[in-house]
Amino acid sequence: MALLIASGCATQPPPPVDSAIIFAGELSGAAPDQLQRGYSFMVIECADCHRAVHPNARAMSKWDEILPRMLRKATLDELAERDIRAYIRAVQNAQPNDSAPRSTY
Ligand code: HEC
């Protein structure tokens, strides 16, 4: 499948909301329940047609291009979009793409 090949190295599923993701979300004003909703959308609605894509598989600028198209496909509204964006941002901040050692707070 082209999509699986295109996803290349980032075949990990989106991570469940943990304390590091909640912490990162709070720094940008996202409540834990919002992050949880975003995660649920990503692994349920967004995994209807293809495997759920890890937030780190695309830079935020790419997500900005991809999300409007995929939200239409998934028939999700702008409230869902806000939750998904908050989740993607929090994961990217909590789990930076580089291999720097993870702080355990
Ligand atoms: C109705 C089926 C369907 C649903 C639902 C769906 N997708 Fe997709 N998605 C596709 C198809 C088909 C492609 C490949 C073609 C394309 O990029 O439009 C794709 C491609 C992608 C890509 C790769 C695109 C790129 O340019 O890198 C990402 C990331 C993605 N989807 C994320 C999501 C997210 C997040 C959601 C939930 C909001 C979602 N998808 C819901 C069908 C779907």
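Note that the structure is predicted; figures quoted are calculated from it, not measured.

With that settled, consider the site of the ligand. Close contacts around the ligand come from 15 residues, with Cys46, Cys49, Met70, Lys73 and Ala74 the closest. Per-element tally for the shell around the ligand: the top contributor is helix H4 (residues 60–73), with five residues. Residues belonging to the shell around the ligand are distributed by class as follows: nine nonpolar, one polar and five charged.

A separate point is the nonpolar core. With 15 residues, the main nonpolar core has Ile21, Leu35, Met42, Tyr87, Ala90 and Val91 as its most contacted residues. Of all the secondary structure elements, the ones that give two or more residues to this core are helix H3 (32–43) and helix H5 (78–94). Here this core takes seven residues from H5, the largest share from any one element.

Take the confidence of the model for the chain next. For the chain, the average pLDDT comes to 87, and 83% of its residues sit at 70 or higher. Across the chain, the secondary-structure element scoring lowest on mean pLDDT is helix H1 (residues 2–7), at 50, and the one scoring highest is H3, at 98. Low pLDDT, under 50, characterises residues 99–105; the stretch is placed with two contacts to residues that sit more than four places away or in other chains.

This brings us to the environment of Ala80. Tracing the sequence through the fold places Ala80 in helix H5. Distance from Ala80 to Gly38, taken between C-alpha atoms, is 7.0 Å for residues 42 residues apart in sequence. The residues touching Ala80, leaving out its near neighbours within four places in the chain, are Phe41 and Leu71.

This paragraph deals with the packing of helix H2 (residues 19–27) against H5. At a minimum axis distance of 8 Å, the contact between H2 and H5 shows a crossing angle of 110°. Taken together, the axes of H2 and H5 are roughly perpendicular relative to one another. Here H2 runs over H5; the crossing is right-handed. The residues of H5 that touch H2, namely those facing Ala20, Ile21, Phe23, Ala24 and Gly25, are Ala86, Ala90, Val91, Asn93 and Ala94.

What counts, and at which threshold
- Residues numbered from 1 in each chain as written.
- Predicted model: local features only at pLDDT ≥ 70, side-chain atom pairs only at ≥ 80, totals over all residues.
- Near = placed C-beta within 6 Å.
- Helix = DSSP H or I, 4+ residues; strand = E, 2+ residues; numbered from the N terminus.
- Nonpolar A, V, L, I, M, F, W, Y, C, P; charged D, E, K, R; others polar.
- Core = buried A, V, L, I, M, F, W, Y, C linked by C-beta atoms within 7 Å.
- Buried ≥ 20, exposed ≤ 12 C-beta atoms within 10 Å, placed from the backbone.
- pLDDT = per-residue confidence, 0-100.
- Contact = placed C-beta atoms within 7 Å.
- Axes fitted to C-alpha atoms, helices over the stretch in contact; angles between N-to-C directions.
- Parallel < 35°, antiparallel > 145°, perpendicular 65-115°, else oblique.
- Left-handed = near helix turned anticlockwise from the far one by under 90°.

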